[in-house]
Amino acid sequence: MTTPSPGLRERKKQATREALREAALRLAVERGPEQVRVEDIAEAAGVSPRTYNNYFASREQAIVSAVTADREARIAAAVAARPAEVRLADAVTEAVVEQYTTTDERGHRALLLITSQTALRDAFLDSTAGMEPPLAAVIAERLDDAPGHTARVLAASVAAAVRIALEGWLSTAGNAEAVEGFGAGGLVVPSGSLSGRLRTALAPLAPAFDAAEQNVKR
């Protein structure tokens, strides 16, 4: 089935959101996050502060969005793309790890800021909640869970596990040196990699995913 192209209005909204993300990150890198005002970001993106507030509630949200942009949808899409014979717990874990440990130069710059600013770390942690709705929809389809109750519980649990993993990582990676260790194995910190923390946090959910899949097969 072909996904319909977004209309002009949606494309304009997406372009505005991307312009705000880019402006927020650029200004934060140039000046330091604490020296950037919402008015500055809006002006750099060519919109009014009022328009800015339609997209982001704070400067921290905009900066963090530079690294988390569309991650929720990509995680859900990665799970949906896995073959049906792949264990759901494995599909979710691999999708989460891949999306949280793969970043480009823009994302790398944002992570350097995030690990050194308390307000940015908090916004980064809060962003994990955004994965719940799209992930729940994909899990519900996989489990044939029409009401979606089981899928919602599982997706919420995944979001909580990811947040816990990130909290542990950020507590030891509260400096730029940790992020400079970024490589194929993920964001490396003295106590281990981010990928390892994510896998450890998600592991206790595997029995719940397995039980849900078993119910579908009955």
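These figures come from a predicted structure and were not determined experimentally. (Residues numbered from 1 in each chain as written. Predicted model: local features only at pLDDT ≥ 70, side-chain atom pairs only at ≥ 80, totals over all residues. Heavy atoms only, no water.)

**A word on the environment of His149**
Formally: What counts as a helix is a DSSP run of H or I of at least four residues, what counts as a strand is a run of E of at least two, and both are numbered from the N terminus.
The topology assignment puts His149 in helix 10 (residues 149-172). In this structure the C-alpha to C-alpha distance between His149 and Ala136, which are 13 residues apart in sequence, comes to 8.9 Å.

**Digging into the packing of aromatic side chains**
Put simply, the test is: Note on aromatic contacts: the rings of Phe and Tyr and the six-membered ring of Trp form a pair at centre separations within 6.5 Å, being stacked when their planes are under 30 degrees apart, edge-to-face when over 60 apart, and tilted otherwise. Only lysine NZ and arginine CZ atoms are considered, and such an atom sits over a ring when it is within 6 Å of the ring centre and within 35 degrees of the ring normal.
Applying the stated criterion across every chain yields a total of one aromatic pair. In this arrangement the basic side chain of Arg17 is found over the ring face of Phe56, its NZ or CZ atom lying 5.7 Å from the centre.

**Looking at helix 2 (residues 38-45)**
Using the following cut-off: Relative accessible area decides the class of each residue, using a 1.4 Å probe on protein chains only: under 20% of the type maximum gives buried, over 50% gives exposed, and in between gives partly exposed. Any pair of residues with heavy atoms lying within 4.5 Å of one another is described as a contacting pair.
Taken residue by residue, helix 2 has Asp40, Ile41, Ala42 and Ala45 as its buried positions. The inward-facing, buried residues of helix 2 contact helix 1 (8-31), helix 3 (49-53) and helix 4 (59-68). Gly46, located one to two residues past helix 2, shows a positive phi value of around 80°.

**Some words on the pattern of salt bridges**
The condition that has to hold: Counted as salt bridges are all cases of a side-chain nitrogen of Lys or Arg within 4 Å of a carboxyl oxygen of Asp or Glu.
Under the counting rule described, the total for this entry stands at twelve salt bridges. Among the salt bridges present, the one from Glu94 reaches Arg199, with a minimum N-O distance of 2.6 Å. Separated by 105 residues along the polypeptide, Glu94 in helix 6 (residues 88-101) and Arg199 in helix 12 (residues 194-202) bring together distant segments of the chain. Residue classification places Glu94 among the partly exposed positions, given a relative accessible area of 29%.

**A word on the environment of Ala165**
The topology assignment puts Ala165 in helix 10. Its relative accessible area of 4% is what places Ala165 among the buried residues. Along the backbone, Ala165 and Leu202 are 37 residues apart, and their C-alpha atoms lie at a distance of 8.6 Å.

**Details of the layout of surface pockets**
Where empty space is left in the structure can be found by rolling a water-sized probe over the atoms. Filter applied, for reference: Detection works on a 1 Å grid of protein atoms alone, calling trapped sets that fit a 1.4 Å probe cavities and calling open sets with protein on both sides within 12 Å along at least five of seven lines pockets, with lining residues defined by an atom within 4 Å of a point. Grid points are joined across faces, edges and corners, and a volume is the space filled by probe spheres set on the points. When residues are grouped by polarity, Ala, Val, Leu, Ile, Met, Phe, Trp, Tyr, Cys and Pro land in nonpolar, Asp, Glu, Lys and Arg in charged, and all others, Gly among them, in polar.
Of the volumes computed, that of the largest pocket is approximately 300 Å³. Only helix 1, helix 4 and helix 8 (118-126) provide two or more residues apiece to the lining of the largest pocket. The leading source of residues in the lining of the largest pocket is helix 4, at five residues. Its residues assigned to classes, the lining of the largest pocket shows five nonpolar, five polar and seven charged.

**Focus on unusual backbone geometry**
The phi dihedral of Asp70 falls on the positive side, at around 65°, and the residue is not glycine. Inspection of the secondary structure assignment puts Asp70 in the loop between helix 4 and helix 5 (71-81).

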